[in-house]
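# Coordinate inspection notes
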Amino acid sequence: NPETGRAMYVAHYGCPARCTFCATGHYRKWTAKPLEIVGRDLQQLYNLFPFKQICFFDATLFTRKERVRSIIDLLDPYGGVKWMADARAVELNKYTLDDLIEIRDKKAELLFLIVGLETGSTYIAEEIMKKGRKHLEMFRKVAGLLREADIKLISGLIFGIPGETPDDVRKTIDFVSDIRDI
């Protein structure tokens, strides 16, 4: 994007999750591109378009801690580049506050993480969307960790999924209010 200087890049194929509202995990097995290819791709992309920001447009970047660190380190040659990525709460729950601070403090500046909330209803999250057991608890914990690490959190919601009731919508609105307080 010439206005923002932002490029998008995919470092992994697929997703390890099987959320019912998303086809990615059902049709594309999670597969990591070799780091050598990621490094070469980033260099070629930068040579063609000297990006100022890069959005890792993976379904989730945070599946493996060491890999995340290695990918972010690949941005070092591009002085002052900023980045953002998608993550899942279940994966970020495996990161400590120190892990997140280390990632935040890398040479490339982390602008924000996009973490899928989708709903504030336990029933919709676990039984309909198949986000995993205790998704809302994990999301709340991640929101707190990201706040403590001074990392901005962006998320999205899905309304109108089959089986959702007005009570589920109210639960989502209440949950989002609680998260905003964090």
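Everything below is about the structure printed above this text.
First, a word on what this report is: a plain description of the structure on this page.

### Things to note about the side chain of Glu126
Checked against the element boundaries, Glu126 lands in helix 6 (residues 122-128). Relative accessible area serves as the criterion here: at 17%, Glu126 is assigned to the buried category. In terms of polar contacts, Glu126 uses its side chain to reach the side chain of Arg133, at 3.0 Å. Those residues within four positions of Glu126 in sequence are excluded, and the remaining contacts are Gly132, Arg133, Lys134 and His135.

### What about the pairing of strand 6 (residues 109-115)?
Here strand 5 (residues 82-87) runs beside strand 6; their pairing, made up of six bridges, is parallel. Counted as the bridge partner of Trp83 is Leu110 from strand 6. Pairing analysis gives two bridges linking strand 6 to strand 7 (residues 153-154), with the strands arranged parallel. In the strand pairing of strand 7, Leu113 is matched with Leu153.

### Considerations on the layout of surface pockets
There is about 280 Å³ of room inside the second largest pocket. Along its surface, the second largest pocket is lined by 15 residues, and Phe139, Ala143, Leu153, Ile179 and Arg180 are the ones closest to its centre. Only helix 7 (135-148), strand 7 and helix 8 (166-181) provide two or more residues apiece to the lining of the second largest pocket. Looking at which element gives the most residues to the lining of the second largest pocket, the answer is helix 7, with four residues.

### Here's the deal with helix 7
The terminal C-alpha atoms of helix 7 lie 20 Å apart, and with 14 residues this matches the ideal 20 Å at 1.5 Å per residue to within 8%. What helix 7 keeps buried is the set His135, Leu136, Met138, Phe139, Val142, Ala143, Gly144, Leu145 and Leu146. On its buried face, helix 7 sits against helix 4 (89-92), helix 5 (97-104), strand 6, helix 6, strand 7 and helix 8. Asp150, located one to two residues past helix 7, shows a positive phi value of around 60°.

### Observations regarding helix 8
Its 16 residues place the ends of helix 8 23 Å apart at the C-alpha level, agreeing with the 22 Å of an ideal helix rising 1.5 Å per residue. Among all positions of helix 8, only Asp168, Thr172, Phe175 and Ile179 are buried. Down the axis of helix 8, the buried side of the element spans an arc of 70°, and every buried residue falls inside it. Relative to its buried face, helix 8 has exposed residues pointing more than 90 degrees away, namely Pro166, Arg180 and Asp181. Structurally, helix 8 contributes buried residues whose contacts are with helix 6, helix 7 and strand 7.

### Things to note about the packing of aromatic side chains
In total, this model carries seven aromatic pairs according to the counting rule given. A ring pair is formed by Phe62 and Tyr95, whose centres lie 5.5 Å apart and whose planes are at 70°; its orientation type is edge-to-face. Pair noted here: Phe62 is in the loop between strand 4 (53-56) and helix 3 (65-73) and Tyr95 is in the loop between helix 4 and helix 5, with a separation of 33 residues, a long-range link. With a centroid separation of 6.3 Å and an interplanar angle of 55°, the aromatic rings of Phe139 and Phe175 are classed as tilted. Here Phe175 lies in helix 8 and Phe139 lies in helix 7, a separation of 36 residues in the sequence. For the pair Phe139 and Phe175, one class covers both residues: buried. Ring pairs connect the aromatic residues Tyr9, Phe56 and Trp83, which therefore count as one cluster. Sitting over the face of the ring of Tyr95, Lys65 holds its NZ or CZ atom 5.4 Å from the ring centroid.

About the criteria used
- Residues numbered from 1 in each chain as written.
- Predicted model: local features only at pLDDT ≥ 70, side-chain atom pairs only at ≥ 80, totals over all residues.
- Heavy atoms only, no water.
- Helix = DSSP H or I, 4+ residues; strand = E, 2+ residues; numbered from the N terminus.
- Buried < 20%, exposed > 50% of the residue type's maximum accessible area, 1.4 Å probe, protein only.
- Polar contact = N/O pair within 3.5 Å; in protein donor to acceptor, adjacent residues only side chain to side chain.
- Contact = heavy atoms within 4.5 Å.
- Pairing = 2+ DSSP bridges.
- 1 Å grid on protein atoms, 1.4 Å probe; cavity = no way out; pocket = protein on both sides within 12 Å on 5 of 7 lines; lining within 4 Å.
- Points joined across faces, edges and corners; volume = space filled by probe spheres on them.
- Expected span 1.5 Å × (residues − 1).
- Arc of directions from axis to C-beta.
- Phe/Tyr/Trp six-rings, centres within 6.5 Å; stacked < 30°, edge-to-face > 60°.
- Lys NZ or Arg CZ within 6 Å of the ring centre and 35° of its normal.

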